[in-house]
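If you want the building blocks of each chain, they are given just below.
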Amino acid sequence: MKKAIQIGAGNIGRGFIGGLLHDAGYHVVYADVNAAVIDQINKDGKYTIKVMDVDISEQVIDNISGISSAGPEMVDAVVDAEFITTAVGLRILPIVAKPIAAGIEKRAAAGKNEYLNIVACENAIRGTSQLKAAVYDILSDEAKAYADEYVGFADCSVDRIVPPVKCENPIDVVVEAYYEWNVEEAALKGPIPAIPGMNLAGNLEAYIERKLFTLNTGHCITAYLGTHKGLPTIDKAIADPEIFEIVKAAMTESGMGLVQKHGLDKDAHLKYIDKIIKRFNNPYLEDDVMRVGRDPLRKLSETDRLSAPTRTAAGFGLPVDHLLVGIAAALRYDDADLQAKIAELGIRGFLKEHSKITDEAILDKIEENYAKLA
């Protein structure tokens, strides 16, 4: 039977990618450091994905097992796997790179001539490329040559809202109906894996930025403005007329930059924005603004969902007024590390150093918005 490893048995791993791998006929091995989750997976041998949207449905995911991602069994699982996915966060990728590299070394030493494809399903640009670099830093020269021939590292973009809703069974998971998984076709090795729901993409950068600078940009601005107004969830925040107006305008500003950069169809992208905002209104997800807003330092970084679309649109001479409101709201977010950086560098110094926003007129406007949110 085909075997896949989903590294990261959290809500995204179980509620999105793991479900698709299951539907494609793989035995899915969940690898995680959370012993309670792994024990529950091995005890039950199944869990339920609960789709909470206009239409409510359930999907039972079986033919699964669990292992510790930090234990020796992880290396052996890599040796036997045909497909590996991750949903652990960028900071953890260098850690999981170690057992992946060890597994590739064992495959090479055994002369295993079967293909392995690896896709890091992270909320970031080129997450798999970052994982590959970390793996190759560890591999011997012989294993690198082997990996060049038999191991594919394909970048992707992922899009599904999977909030941390507590279920009676702790490994059941609640998701929205919508999902999108775009995988860079040219980077896959061997016969293309047949996985329904995995869209094979050519110009992946356009897909990645379309998602990151539309869904994630709008999502985090909704969260930061909602937090400022004391609104607890995304659906309640986007229902506020003032927040709705700012978020939609910011997503449109970001979108027009993408239209210019990637040659996207303008009308089609505006419809995509409308579809995304409708997803924010889903009351069944109870998506906490604090969850969406967490880790603001990453979200304010040079290549992420606030700075990058702002600099892109501004670079084409397009308006960015509402994106700047979103940045100001993010700067007000109550996060100790963020606030320490701002105290050390000041607003302008922080944005210049961390976000690589250097346009003085834009910095003036952000400071003005920041003051209004006091």
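Keep in mind that this is a model prediction, so the values were computed, not measured.

J.: Honestly, the packing of helix H14 (residues 321–331) against helix H15 (residues 336–355) in this entry has me stumped. Any pointers?
T.: One can describe the packing of H14 onto H15 by two numbers: an axis separation of 11 Å at closest approach and a directional angle of 150°. By the angle between their directions, the pair H14 and H15 is classed as roughly antiparallel. Seen from H14, the contacting residues are Ile 327, Ala 330 and Leu 331; seen from H15, they are Leu 338, Gln 339, Ile 342, Ile 347, Phe 350 and Leu 351. The residue makeup of the contact of H14 with H15, split by class, is eight nonpolar, one polar and no charged.

J.: Sorry if this is basic, but what is going on with the sheet that holds strand E11 (residues 180–184) here?
T.: Sheets are built from strands paired through backbone hydrogen bonds, the pairs being either parallel or antiparallel. If you walk across this open sheet you meet the three strands as E9-E11-E12, and the pairing is mixed. On the outer flanks of this sheet lie strand E9 (156–159) and strand E12 (198–201), each paired with one strand and no other. Direction aside, neighbouring strands of the sheet carry axes that sit 20° apart on average. Running at roughly 30° to E9, helix H7 (residues 204–229) makes contact with E9, E11 and E12 of the sheet.

J.: What exactly am I supposed to notice about the environment of Val 289 here?
T.: Tracing the chain through its elements places Val 289 in helix H11 (residues 289–293). When the C-alpha atoms of Val 289 and Leu 212 are compared, they prove to be 18 Å apart, with 77 residues separating the residues in sequence. Sequence-distant contacts of Val 289, that is, excluding residues within four places in its chain, are made with Ala 223, Thr 227, Leu 231, Pro 232, Thr 233, Ile 234 and Ala 237.

J.: When you look at the pairing of strand E4 (residues 57–62) in this model, what are you seeing that I'm missing?
T.: The side chains of a regular strand alternate between both faces of the sheet. Bridge count between strand E3 (residues 46–51) and E4: six bridges; the pairing is antiparallel. In the strand pairing of E4, Val 51 is matched with Ser 57. Two successive antiparallel strands, E3 and E4, enclose a turn made up of five residues.

J.: Help me understand the pattern of salt bridges, please; the structure alone is not making it clear to me.
T.: Oppositely charged side chains are able to pair whenever their charged atoms sit close together. Evaluated as defined, the whole model comprises 22 salt bridges. In this structure, Arg 279 engages Glu 176 in a salt bridge whose closest nitrogen and oxygen atoms are separated by 2.4 Å. Here the residue Arg 279 occupies a position in helix H10 (residues 266–280), and Glu 176 occupies one in the loop between strand E10 (173–175) and E11, the gap between them amounting to 103 residues. The exposure classification of Arg 279 matches that of Glu 176, with both residues buried. Look at the salt bridges and you will find they share partners, linking Arg 348, Lys 352, Glu 360, Asp 364 and Glu 367 into a network.

J.: What's the story with the sheet that holds E10 in this structure? I'm lost.
T.: With respect to topology, three strands assemble into an open sheet ordered E4-E3-E10, the strand pairing being mixed. Single-partner strands in this sheet number two, and they are E4 and E10. Sheet twist, expressed as the average angle between the axes of neighbouring strands with direction ignored, equals 25°.

The rules behind the values
- Residues numbered from 1 in each chain as written.
- Predicted model: local features only at pLDDT ≥ 70, side-chain atom pairs only at ≥ 80, totals over all residues.
- Heavy atoms only, no water.
- Axes fitted to C-alpha atoms, helices over the stretch in contact; angles between N-to-C directions.
- Helix = DSSP H or I, 4+ residues; strand = E, 2+ residues; numbered from the N terminus.
- Parallel < 35°, antiparallel > 145°, perpendicular 65-115°, else oblique.
- Contact = heavy atoms within 4.5 Å.
- Nonpolar A, V, L, I, M, F, W, Y, C, P; charged D, E, K, R; others polar.
- Pairing = 2+ DSSP bridges.
- Salt bridge = Lys/Arg side-chain N within 4 Å of Asp/Glu carboxyl O.
- Buried < 20%, exposed > 50% of the residue type's maximum accessible area, 1.4 Å probe, protein only.

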